[in-house]
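Residue strings, one per chain:
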Amino acid sequence: FRSGKQKAERTNLFERKDTDHDGKLSREEFLANQPDPKEAPKRFTRFDQNKDGILSRDEFISMGGTL
C-alpha cells in the first residue's frame, strides 16, 4: 500500500476536506480547492469504488485502492 506517512497525510487531507464532518466526501467537498480542476473529477470517479457518488474515508485515503 502506502507508507505510514502517506496514509497520515491522506488522513489529514480528508479531515480538512470533510467540511461538514460527516465522515465522507461529497463530490463538491472533494473538488473544492483542487490544484488541477480539469483532472480532479476523473480522480473522484476512479476513487469512488462502489460508485455511490460519495467518497468514504477509506476510498479517499486509499485513492480507490485497498488499505
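Residues numbered from 1 in each chain as written. Predicted model: local features only at pLDDT ≥ 70, side-chain atom pairs only at ≥ 80, totals over all residues. Heavy atoms only, no water.

## Observations regarding the side chain of arginine 43
Within the secondary structure layout, arginine 43 lies in helix 3 (residues 40–47). A polar atom in the side chain of arginine 43 sits 2.9 Å from the side chain of aspartate 36. In this structure arginine 43 touches Phe30, Gln34 and Asp36, once residues within four positions along its chain are discounted. (Helix = DSSP H or I, 4+ residues; strand = E, 2+ residues; numbered from the N terminus. Polar contact = N/O pair within 3.5 Å; in protein donor to acceptor, adjacent residues only side chain to side chain. Contact = heavy atoms within 4.5 Å.)

## Points about helix 3
For helix 3, the set of buried residues is Ala40, Arg43, Phe44 and Phe47. Seen from one end, helix 3 has its buried residues packed into an arc of 105 degrees, which puts them on one side. Looking at the buried residues of helix 3, the elements they touch are helix 1 (4–17), strand 1 (24–26), helix 2 (27–31), strand 2 (54–56) and helix 4 (57–62). (Buried < 20%, exposed > 50% of the residue type's maximum accessible area, 1.4 Å probe, protein only. Arc of directions from axis to C-beta.)

## What to know about the nonpolar core
Formed by Phe14, Leu25, Phe30, Ala40, Phe44, Phe47, Leu55, Phe60 and Ile61, the largest nonpolar core amounts to nine residues. Here the element with the most residues in this core is helix 3; it accounts for three residues. Sequence-distant contacts of leucine 25, defined by excluding residues within four places in its chain, comprise Phe14, Lys17, Asp18, Phe30, Phe44, Ile54, Leu55 and Phe60. (Core = buried A, V, L, I, M, F, W, Y, C linked by side-chain atoms within 4.5 Å.)

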